[in-house]
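# Structural overview
Read off the chains here:
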Amino acid sequence: MHLLEVKNPVAQQRGVISAFSASDRPDTLDNKTVGLIWSGTHGGDIALKRAGEMLQERFENVSVNFYTGGNYPTPPAIVQQAGEECDVIVGATAD
Amino acid sequence: MIHDMIVIEKMGKPGVAIVSGRFDSDAVASSRAFGMPDLQWIVVPHIYRNLDPETCRTQTEDAIDELIGTLTASIDARTPDAETENNSRYEGSDRYDAILKMNQEFINDDLGDGLFLHPATPEAVAEMLTGTNLPPDHAVCDMPPGFGIATVEKIAVNAVMAGAKPEHLPVVIAAVKALSKIGGQGGKSLLMSTSPQAPLLIVNGPVTKNLGLNARSALGPGRDNQVNTIIGRAFALCFRNIGHWYPNKMDMDTIGTSRKFIQCIAENEDASPWDPFHVDQGFKANESTVSVFVTDGELDIQDQGNHTAEGLLKNLAYGSIFGTRSLQGEKGGVERLILMPPDVARPVGSQGFSKQAAKEFIHEHARGSLGKMIQYMPLKGEARVTEHWKWLENLSEQQLLDISIPVLDSPDDCYIMVVGADRAKTAVFPSGPAPVTEGIDQYMP
């Protein structure tokens, strides 16, 4: 019998070492402002707008703001603006 | 988008991504790479980009309950990180049998390239580490796209698995470091693209001869390219296991390319009429460097009888007109890496063209139809068409086709490397973002 010992080639990811936790969720979306961030890819805008419509149908007094930087990643200033102006954010990614 | 949602979460606001199809695995990998494994997303069946509008709406409607849940329900922490430090042990009837078992498990875990892997035993790794002056725990960089911590030891482990020798290690370390400097965040995200972007390593300086890197027919398999292949493979395994460039996780290529079996070649400096590439990049001729290019294709430009510089360069320029052009700004963002064989470079140089003059000539003559370059992207409703180009929306298809425009924004978007055997066959690669050149000598013992 032969016992072979080898070293692990996989590196620890920096993001896992210094990970952040997800933020607390609201109990309801009533009276909330929903931000939609579009990456600029075809169809993503249609999907996001439909999601916004349905959230307005399901909850009371929901406002919807639409943001795009025309590409991905979204320019930091636009992400910052969305985070400041909205209570929750939905984005769409496809490619 | 995963990155954007993480920025939102760090602001204390819930952020949820709608993820399409096979991008679920990419979301897992990206959320870890960008520091928030607990990020929430929902998955819809198909990529939106090429769906008709009604299907875009209906597949979103089907996912709305789950979307609401991720925005309002409490979050369960995801599974902890996999162990990355422990050694693995394999028992076999003899050493070869144990190595076969190791290979099967590594392939199953997608830690290899599909080919036979050399066992990175502690002894083999210790020997590999004699190839550099750096200590094993020295962190060279965080390697994109997954931002794994590239310690010298992890690089050495992957180099052993590729079949490399200690003298190859400084080249691999330098290439890993160079990749970490490629582009900005956008440049790094290119490595995760659904297009076949892949690095190509090109070495300059004395180390090329010391190691036996081939600068002639340098991009193929076989005896003459053994060192080219092994160093390229070592880098590729680092890219995979340190950069977490795993297929369908952080490498989202649609079809793939054999260029992802990454090659490392040398510039044929002896056959060049010009300064070598690393001198153009600010290094001394007696220094050794590796340059990392990100390529997106490959085309042979054959020449069947031109012997004047103008004739050779016009043929090369005309052959460089292919691909697409961005409309996201005034710049098209297109680059070309040209591997120019000696039978083209020598007459061009001897007839009075400096390398810069050759690049300017190519830039001037590589013009094509704007309409053909932007056919890939319908203009109507496209967010990536910036104000600078909005006037195009009012033109007919024929008018767009009739607009002639340079493929390259500037002569400096074209990079000439003299590589190859005897024959006027040039290889042109669409490439970008701009290459990064890293010194090798600093990593030698």
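Relevant structure appears above.
The following refers to the structure shown.

The rules we used
- Residues numbered from 1 in each chain as written.
- Chains lettered and ligands numbered in written order.
- Predicted model: local features only at pLDDT ≥ 70, side-chain atom pairs only at ≥ 80, totals over all residues.
- Helix = DSSP H or I, 4+ residues; strand = E, 2+ residues; numbered from the N terminus.
- Axes fitted to C-alpha atoms, helices over the stretch in contact; angles between N-to-C directions.
- Parallel < 35°, antiparallel > 145°, perpendicular 65-115°, else oblique.
- Left-handed = near helix turned anticlockwise from the far one by under 90°.
- Contact = placed C-beta atoms within 7 Å.
- Nonpolar A, V, L, I, M, F, W, Y, C, P; charged D, E, K, R; others polar.
- Pairing = 2+ DSSP bridges.
- Buried ≥ 20, exposed ≤ 12 C-beta atoms within 10 Å, placed from the backbone.
- Right-handed = clockwise from strand over helix to strand, strands pointing away.

## Observations regarding the overall build of chain B
A tally of helices and strands in chain B yields 17 helices and 15 strands. Projecting the C-alpha coordinates of chain B onto the three principal axes gives extents of approximately 70 × 70 × 35 Å.

## Some words on the packing of helix α8 (residues 169–180) of chain B against helix α11 (residues 226–241) of chain B
All names here are of chain B. Between α8 and α11, the shortest axis-to-axis distance is 10 Å and the interhelical angle comes to 45°. Between α8 and α11, the angle falls in the class oblique. Note on packing geometry: the crossing formed by α8 with α11 is right-handed. Contacts from Val171, Val172, Ala175 and Val176 of α8 reach α11 at Ile231, Ala234, Phe235 and Cys238. Residues of the contact of α8 with α11, tallied by class, amount to 8 nonpolar, no polar and no charged.

## Quick look at the interface of chain B and chain A
Accessible area lost upon the coming together of the parts serves often as the stated size of an interface. Contacts between chain B and chain A engage 89 residues on the former and 60 residues on the latter. Ranked by residues supplied to the side of chain B that touches chain A, first place goes to helix α1 (residues 2–10) of chain B with 8 residues. Of the residues in the side of chain B that touches chain A, the class split is 45 nonpolar, 26 polar and 18 charged. Bridge analysis of strand β4 (residues 88–93) of chain A against strand β1 (residues 15–20) of chain B gives 5 bridges, and the strand direction is parallel. Among the inter-strand pairings, alanine 92 of chain A is bridged to a residue of β1 of chain B, identified as isoleucine 18 of chain B.

## What about the pairing of strand β2 (residues 33–38) of chain A?
A regular strand places its side chains on the two faces of the sheet in alternate fashion. All names here are of chain A. The buried fraction of β2 amounts to 5 of the 6 residues, a majority that puts the element mostly inside the structure. Pairing of β2 with strand β3 (residues 63–68) involves 6 bridges; the strand directions are parallel. What sits directly across from isoleucine 37, in β3, is tyrosine 67. In the classification by handedness, the crossover that spans β2, the intervening helix α2 (residues 44–58) and the parallel β3 is right-handed.

## Side note on the sheet that holds β4 of chain A
As summarised here, the arrangement of the 5 strands in space is β3(A)-β2(A)-β4(A)-β1(B)-β2(B), forming an open sheet in which the pairing is parallel. The open sheet has two free edges, formed respectively by β3 of chain A together with β2 (40–44) of chain B, since each of these has just one partner strand. Adjacent strand axes in the sheet meet at a mean angle of 20° when their direction is disregarded. In the packing of α2 of chain A onto the sheet, the strands contacted are β2, β3 and β4 of chain A together with β1 of chain B, and the crossing angle to β2 of chain A comes to about 170°. Here α1 of chain B sits on the sheet and contacts β2 and β4 of chain A together with β1 of chain B; the angle it forms with β1 of chain B, its principal contact strand, is near 165°.

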